[in-house]
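Here is how the chains run, residue by residue.
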Amino acid sequence: RGSYRTNAISVAGQREAHMKNKLLLIILDGVPYRNFRRLFGNLEGWVDSGDARVWTQRAVLPSISAACYASIHTGVAPAEHGCTGNGNVFRLKHKDVFAQTRAAGGVTGAVAHSFWSQFFNRHPFDYVRDIEYDEPDSDTINHGRFHTMTGYGLVNQMTPSDVDLFGSLTNLALRFGLDYGMLHTCTLDSMGHRIFHDCQEMDHACAVMDEMLAPFIPKWRAMGYEVIVTADHGQDERGHHGGRGALQQETALYYFGDAEGPSEDTVIDQLQLAPTILGRLGAPIADTMQAKSFLK
């Protein structure tokens with residue numbers, strides 16, 4: 001374990017000339033704005049102390065998971081990148097955050113649902129080849145740890161424990177000196193589809209997620225990372241998302257870092273995430289990413 005830390009520091013030091021900052025993006029799937037602000041006490045405590053800032057983020061349309069994943073990292077709308085929903089997943093053609101980071105000499109990692117691997121690495125997903133890989137020469141994701149949720153339904157949720165995912169991302173960051181790392185978990189989205197967001201069980205689930213995430217944020221900050229915590233979309237009273245409306249489209253975005261941001265009442269467009277992340281990393285922003293960065 002000690003050698004992992006030593007190697008990570010050594011490799012990261014060799015890349016300082018390439019990347020301006022390091023950043024981790026944490027995506028908690030399917031959390032409406034009101035549940036973030038009401039139930040995530042640790043995140044809200046850091047807002048109160050000034051260690052984090054928070055804004056409203058509005059998802060693209062359709063506000064369905066796969067379409068949002070694709071837009072978050074390409075910076076273009078579903079009408080342009082072509083992913084219209086969870087049943088239409090393929091290798092995207094647009095330039096993305098992973099590829100642009102690699103072009104700048106950075107090292108990338110992802111701990112996420114297999115859709116992310118299919119969008120930004122290889123399609124179709126191979127359960128053996130793509131479940132876990134380390135490919136230093138890849139021009140997109142160098143270090144991937146993916147899960148498929150095969151068998152998911154109203155009875156079987158099929159989601160990993162979130163603390164295991166947080167631990168996996170931290171492991172990759174320490175072992176390989178990631179410049180950009182992305183984590184995505186479907187736990188709260190899956191529960192929301194089953195029991196909806198306005199219930200005692202979901203209150204508890206959000207509090208548990210907040211408690212499990214909280215110890216990792218100071219660790220990541222101590223490792224030199226800026227951290228963004230957000231969701232891909234919200235969910236409405238009947239556990240639905242995909243269309244228009246504040247509960248379906250709007251979520252919160254928490255930022256831990258030293259950059260200057262907009263006023264608290266600003267609503268961030270989801271298409272701003274890709275250029276913002278690349279701007280913080282010091283990587284080139286693709287010409288197709290037309291939205292403006294919300295951090296300076």
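This text follows the structure it describes.
Here's a quick rundown of the structure.

### Some points on the nonpolar core
Inside soluble globular proteins, nonpolar side chains tend to come together where they are buried.
Reasoning step 1: Within the largest apolar cluster, 44 residues are counted, with the highest numbers of intra-cluster contacts made by Leu25, Trp116, Phe119, Phe146, Tyr180 and Met182.
Reasoning step 2: Secondary-structure elements contributing two or more residues to this core are strand E1 (22–28), helix H4 (65–74), helix H6 (97–103), strand E3 (108–113), helix H7 (114–120), strand E6 (180–185), strand E8 (250–256) and helix H13 (273–281).
Reasoning step 3: Top contributing element to this core by residue count: H13, with five residues.
Reasoning step 4: For Phe119, the residues in contact, after removing those within four places along its chain, are Ala66, Tyr69, Ala70, Cys83, Val89, Phe90, Arg91 and Leu92.

### Some words on helix H10 (residues 200–213)
Given 3.6 residues per helical turn, the α-helix brings residues three or four places apart onto the same face.
Reasoning step 1: Given a rise of 1.5 Å per residue, 14 residues ought to cover 20 Å, and the 20 Å separating the end C-alpha atoms of H10 matches this to within 8%.
Reasoning step 2: If you check which residues of H10 are buried, you get Met202, Ala205, Cys206, Met209, Asp210 and Leu213. All buried residues of H10 fall inside an arc of 135° around its axis, so they share one side. Projecting away from the buried face of H10 at angles above 90 degrees are the exposed residues Gln200, His204 and Glu211.

### Some details on unusual backbone geometry
Reasoning step 1: For the peptide bond that leads from Leu61 to Pro62, omega is 0°, which places it in the cis range.
Reasoning step 2: Within the secondary structure layout, Pro62 lies in the loop between strand E2 (53–58) and H4.
Reasoning step 3: Here His123 and Pro124 are connected by a cis peptide whose omega angle stands at 0°.
Reasoning step 4: Position of Pro124 relative to the elements: it lies in the loop between H7 and strand E4 (132–134).
Reasoning step 5: The phi angle at Met158 is positive, at roughly 60°, despite the residue not being glycine.
Reasoning step 6: Position of Met158 among the secondary structure elements: in the loop between strand E5 (143–147) and helix H8 (162–176).
Reasoning step 7: A positive phi angle, near 70°, is found at Phe196, a position not held by glycine.
Reasoning step 8: Summarising the element assignment, Phe196 is placed in the loop between helix H9 (187–195) and H10.
Reasoning step 9: Judged by its relative accessible area of 34%, Phe196 falls in the partly exposed class.

### Here's the deal with the side chain of Thr56
Reasoning step 1: By the element assignment, Thr56 lies in strand E2.
Reasoning step 2: Residue Thr56 is classed as buried on the basis of its relative accessible area, which comes to 13%.
Reasoning step 3: If near-sequence neighbours (up to four positions away) are discounted, Thr56 is found in contact with Tyr33, Glu250, Thr251, Thr266, Val267 and Ile268.

Parameters at a glance
- Residues numbered from 1 in each chain as written.
- Predicted model: local features only at pLDDT ≥ 70, side-chain atom pairs only at ≥ 80, totals over all residues.
- Heavy atoms only, no water.
- Core = buried A, V, L, I, M, F, W, Y, C linked by side-chain atoms within 4.5 Å.
- Buried < 20%, exposed > 50% of the residue type's maximum accessible area, 1.4 Å probe, protein only.
- Helix = DSSP H or I, 4+ residues; strand = E, 2+ residues; numbered from the N terminus.
- Contact = heavy atoms within 4.5 Å.
- Expected span 1.5 Å × (residues − 1).
- Arc of directions from axis to C-beta.

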